[in-house]
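# Summary of structural features
So you can see what is in the structure, the chains are spelled out below.
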Amino acid sequence: MKKIVLAYSGGLDTSVAVKWLKDKGFSVIAYMADVGQGGDVSVAKKRAIKAGASSVIVEDLKDEFIKDFVFPALKANAVYEGRYYLATALSRPIIAKGLVETARRKNAEFVSHGCTGKGNDQVRFEVSIGALDSKLKVIAPVREWEFSSREAQIKYAKAKKIPIDVTKKSPYSIDKNLWGMSIECGVLEDPWKEPPKDVYQMTKDPFKASRKPTYINIGFKKGIPVTLNSKRVRPQALIEKLNKLGGAYGVGRSDMVENRLVGIKSREIYEAPAASVLIKAHEALEALTLDRELSHFKSFVSLKYAELIYYGLWYTPLKSALDKFIEHTQKKVTGVVRVKLEPGSATVVGRKSPYSLYKEKLATYTEDDEFDQRLAKGFIELWGLPYKK
Ligand code: ARG
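Figured I'd write up the structure that's included with this text. (Residues numbered from 1 in each chain as written. Predicted model: local features only at pLDDT ≥ 70, side-chain atom pairs only at ≥ 80, totals over all residues. Heavy atoms only, no water.)

For the rest of this paragraph, the subject is the environment of threonine 334. Looking at the element boundaries, threonine 334 is found in the loop between α11 (317–329) and β13 (335–342). A sequence separation of 209 residues divides threonine 334 from phenylalanine 125, and the C-alpha atoms of the two residues are 34 Å apart. Look past the residues within four positions of threonine 334 in its chain and what remains in contact with it is Phe220, Lys221, Lys222, Leu285, Lys352, Ser353, Pro354 and Tyr355. Engagement of the side chain of threonine 334 in a polar contact is seen with the backbone nitrogen of lysine 222, the distance being 2.9 Å. (Helix = DSSP H or I, 4+ residues; strand = E, 2+ residues; numbered from the N terminus. Contact = heavy atoms within 4.5 Å. Polar contact = N/O pair within 3.5 Å; in protein donor to acceptor, adjacent residues only side chain to side chain.)

Let's shift gears to the pattern of salt bridges. Per the stated rule, a full pass over the model turns up 26 salt bridges. With a closest N to O distance of 2.8 Å, aspartate 34 and lysine 62 form a salt bridge. Taken together, the residues span a long stretch of sequence, with aspartate 34 in strand β2 (residues 26–34) and lysine 62 in helix α3 (residues 62–75) at a distance of 28 residues. The exposure class of aspartate 34 is partly exposed, given its relative accessible area of 21%. A residue is classified by how much of its surface remains accessible, and lysine 62, at 11% relative accessible area, is buried. With a closest N to O distance of 3.7 Å, lysine 97 and glutamate 101 form a salt bridge. With lysine 97 and glutamate 101 both in helix α4 (residues 87–105) and four residues apart, this pair spans about one turn of that helix. Judged by its relative accessible area of 23%, lysine 97 is partly exposed. The exposure class assigned to glutamate 101 is partly exposed, which follows from its relative accessible area of 35%. Overlapping salt bridges, with partners in common, bring together Arg92, Asp121, Arg124 and Asp175 in one network. (Salt bridge = Lys/Arg side-chain N within 4 Å of Asp/Glu carboxyl O. Buried < 20%, exposed > 50% of the residue type's maximum accessible area, 1.4 Å probe, protein only.)

It is worth spelling out the side chain of threonine 102 at this point. Structurally, threonine 102 is set in helix α4. Apart from the residues within four sequence positions on either side, threonine 102 is in contact with Val5, Tyr31 and Ile57.

This part is about helix α5 (residues 121–132). Along an α-helix, a turn takes 3.6 residues, which lines up residues three or four apart on a common side. A rise of 1.5 Å per residue sets the reference length of α5, with its twelve residues, at 16 Å; its end C-alpha atoms lie 16 Å apart and thus fit the reference within 8%. Within α5, the full set of buried residues consists of Asp121, Gln122, Arg124, Phe125, Ser128 and Ile129. Summarising the axial view, the buried residues of α5 lie within an arc of 165 degrees, below the 170-degree limit, and thus occupy one face. The inward-facing, buried residues of α5 abut α4, β4 (110–112), β5 (137–139), α6 (141–144) and α10 (292–310). (Expected span 1.5 Å × (residues − 1). Arc of directions from axis to C-beta.)

On to the nonpolar core. In terms of nonpolar packing, the biggest core is built from 77 residues, with Leu86, Trp179, Ile218 and Val339 touching the most fellow members. Residue contacts for isoleucine 218: discarding those within four places in its chain leaves Pro225, Thr227, Leu228, Leu242, Val277, Leu278, Ala281, Gly335, Val336, Val337 and Val339. Counting residues in each nonpolar core, the second largest holds 27 residues, with Ala44, Ala51, Ala53 and Ile162 among its members. (Core = buried A, V, L, I, M, F, W, Y, C linked by side-chain atoms within 4.5 Å.)

What follows deals with a positive patch on the surface. A contiguous patch of positive charge, built from Lys221, Lys222, Arg232, Lys331 and Lys332, is present on the exposed surface. With respect to the secondary-structure elements, lysine 332 resides in the loop between α11 and β13. (Patch = residues over 30% accessible without salt bridge, like charges linked within 9 Å, V, L, I, M, F, W, Y side chains within 5 Å. Areas by Shrake-Rupley, 256 points an atom, 1.4 Å probe, with all protein chains shown as cover. Lys, Arg positive; Asp, Glu negative; His and termini not counted. Charge placed at Lys NZ, Arg CZ, Asp CG, Glu CD.)

Residues Ser254, Met256 and Glu258 line the buried face of strand β11 (residues 253–259), whereas the alternating positions Arg253, Asp255, Val257 and Asn259 sit on a face that is not buried. Here β11 runs beside strand β12 (residues 265–271); their pairing, made up of seven bridges, is antiparallel. The residue of β12 that forms the bridge with arginine 253 is glutamate 271. Hairpin connection from β11 to β12: five residues lie between these consecutive antiparallel strands, with glycine 263 at a positive phi of about 100 degrees. (Pairing = 2+ DSSP bridges.)

Enumeration over the complete set of coordinates arrives at 13 aromatic pairs. Plain terms: the ring middles of phenylalanine 69 and tryptophan 314 are 5.0 Å apart, the flat faces sit at 20 degrees to each other, and that makes the pair stacked. One end of the pair, phenylalanine 69, is in helix α3; the other, tryptophan 314, is in the loop between α10 and α11, with 245 residues separating them in the sequence. Residue phenylalanine 69 shares its accessibility class with tryptophan 314, and that shared class is buried. These aromatic residues form a ring-pair network of at least three members: Tyr80, Tyr84, Tyr270, Tyr310 and Tyr311. Geometry around phenylalanine 110 places lysine 137 over its ring, the cationic atom sitting 5.2 Å from the centre. (Phe/Tyr/Trp six-rings, centres within 6.5 Å; stacked < 30°, edge-to-face > 60°. Lys NZ or Arg CZ within 6 Å of the ring centre and 35° of its normal.)

The next point concerns the site of the ligand. Around the ligand lies a shell of 16 residues, among which Tyr84, Asn120, Ser173, Glu258 and Glu268 are the nearest. Between serine 173 and the ligand, the recorded distance is 2.8 Å, taken from a backbone N or O atom to a nitrogen atom. In the model, a nitrogen atom of the ligand is placed 3.0 Å from a nitrogen or oxygen of the tyrosine 270 side chain. Of all the secondary structure elements, the ones that give two or more residues to the shell around the ligand are α4, α5, β6 (173–177), β7 (180–184) and β12. Its residues placed into classes, the shell around the ligand shows six nonpolar, four polar and six charged. (Near = heavy atom within 4 Å. Nonpolar A, V, L, I, M, F, W, Y, C, P; charged D, E, K, R; others polar.)

Laid out in structure tokens, this is it:
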């Protein structure tokens, strides 16, 4: 029997995909990567077996996800189109890597995912898989199968006795991991309609948040957050804690229409409390420690880096080259940033670093001033010379 490793989520699409692939003659290995999406793994496992999987493999990739995917994106300040912190996009290359490694271990010639033919995720999976192992063949059931609606899938699932809980299913399509949550479909498909309150799951309505601000100190070492309020915290705990703290103030929401790689525009809601706080804090520390030219140049790199993530180009030469550049820029991004959380906002209110390039004696307007103002005259003379002539 031909073996196939399917990226399995436990949802309707991938459960139906197990059965569909089995009916096409495959022995299906359901592969579940834990990137912090939550949910009951044991329920999902049972469901995969009931749907016809020959085995289920669950892998905890959370640490690796943070270390090798999230933190590089943080060092790059990667944000797509100004509002999307790329949680979903970042998870695809690591899941692809898991699929490829599992396929090799299990001697499978095929891998599979449950993405639709209209989205970015199919591109991210397949480009990543191809870059990691060009011999693997990919089958994308959702792109191929005959079901024209969710109802048709449910009917199929019922007929084939695949246990699904249709009642509990929300009207939205949701993807979640430690770095944030992406929510689309349902009423959100009309970009004029305000998102109903039940859309948001990681963040509280700012109107219901405490009016009392919370201050947090985030300590960075070479661009990576390592302490919270002076205590060393492991990366996963730190991100979870910031998701909770920020979420309680309704921080990190975005409602946007974005440009998909496949040419269409789509409306998506994002929640990313930790990501939004950390990137803000990281940028503030860079503002203190990077010189002007490096800082300005790096912001172009940020844009490109975010695009590479969004476009599924993680395992590419340009991405590796930019990583080297970004790593180099982080040598002195060490220090502490103070963030104030208030209903609906996180604001940087303080920053300090042993490598600070801010010199009070140069900036001050008091008697301590060491800036020689007479030098400005000649500087301006030469700077403006071309425009005088
Ligand atoms: N638009 C986002 C991206 O392409 C998220 C895609 C998944 N969204 C979802 N709600 N299932 O990265």
